[in-house]
Amino acid sequence: MLIFVFLFAAAAWGFVDSLKTKAPAQDTIPEEQVSAPVQKDDLIVIDMPRTGQAIGSPLTITGKARGNWFFEASAPVELVTDAGTIIARGIIQAQGDWMTADYVPFSGTLTYSVPPAGTVGTLILRKDNPSGEARFDNSVAIKVQW
């Protein structure tokens, strides 16, 4: 009987202790939802990061885009949490002759303060539009997590 009480107490202690040390559930993207390279309208292909990927800082962004995605060989990019906080802004830079209708490789790096683990956000790559005319706007958004 004493052994049974001891085993029961040990199991209860372990259960209570595990409740104390468990982290609260996070809103994360399941690994099976991490995608292949992201592509939009035969205009831009983002190799890294991929949808659902866990990212850190610095974040390197790579891919290829049609030359008209850029202006003066660059295009804007921003990183936003799902709460709407912009945590980084920067540019991607064409790695070749951007004055073409063909695909041009690009890369860019964002350095920022990393939000808490489990935070979900969006990386937004925008077509550079120096005219300001809405008809020339375009963008692609990639869900990411920390």
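Residues numbered from 1 in each chain as written. Predicted model: local features only at pLDDT ≥ 70, side-chain atom pairs only at ≥ 80, totals over all residues. Heavy atoms only, no water.

J.: Would you explain the overall build of the chain in this entry?
T.: Check the secondary structure of the chain and you find 1 helix and 8 strands. Secondary structure of the chain in N-to-C order comes out as α-β-β-β-β-β-β-β-β. Within the span of the chain, comprising 146 residues, buried residues form 34% of the whole. Contacts in the chain between residues at least 24 apart in sequence constitute 59% of all its contacts with a sequence separation of at least 6. Carbon and sulfur atoms provide 59% of the accessible area of the chain, an area that totals close to 8800 Å². (Helix = DSSP H or I, 4+ residues; strand = E, 2+ residues; numbered from the N terminus. Buried < 20%, exposed > 50% of the residue type's maximum accessible area, 1.4 Å probe, protein only. Contact = heavy atoms within 4.5 Å. Areas by Shrake-Rupley, 256 points an atom, 1.4 Å probe, with all protein chains shown as cover.)

J.: It is not clear to me how the side chain of glutamate 78 should be interpreted in this structure. Could you clarify?
T.: Positionally, glutamate 78 belongs in strand 4 (residues 74-81). Among the polar contacts made by the side chain of glutamate 78, one reaches the side chain of arginine 89 at a distance of 3.3 Å. With residues up to four places along the chain from it excluded, the contact list for glutamate 78 reads Ile86, Ala88, Arg89, Thr122, Leu123, Ile124 and Arg126. (Polar contact = N/O pair within 3.5 Å; in protein donor to acceptor, adjacent residues only side chain to side chain.)

J.: Help me out: how do you make sense of the environment of arginine 66 in this one?
T.: Checked against the element boundaries, arginine 66 lands in strand 3 (residues 59-66). Separated by 22 residues in the primary sequence, arginine 66 and isoleucine 44 have C-alpha atoms spaced 6.3 Å apart. Residues contacting arginine 66, with those up to four places away along its chain left out, are Asp42, Leu43, Thr100, Ala101, Asp102 and Tyr103.

J.: Before we go on, may I ask you to explain unusual backbone geometry in this structure?
T.: A cis geometry characterises the amide bond from methionine 48 onward to proline 49, with omega recorded as -5°. As for its placement among the helices and strands, proline 49 is situated in the loop between strand 2 (44-48) and strand 3. With phi around 50°, aspartate 41 is a residue other than glycine that occupies positive phi space. Examined against the element boundaries, aspartate 41 turns out to sit in the loop between strand 1 (38-40) and strand 2. Relative accessible area serves as the criterion here: at 57%, aspartate 41 is assigned to the exposed category.

J.: Where do I start with the pairing of strand 3 in this structure?
T.: Two faces make up the sheet, and in a regular strand the side chains alternate between them. In terms of strand pairing, strand 2 meets strand 3 through 4 bridges, oriented antiparallel. Directly across from isoleucine 46, in strand 3, lies its bridge partner glycine 63. Judged from the 8 bridges that link them, strand 3 and strand 6 (residues 103-110) form a sheet pairing that is antiparallel. Residue pairing for strand 6: arginine 66 is matched across the bridge by tyrosine 103. (Pairing = 2+ DSSP bridges.)

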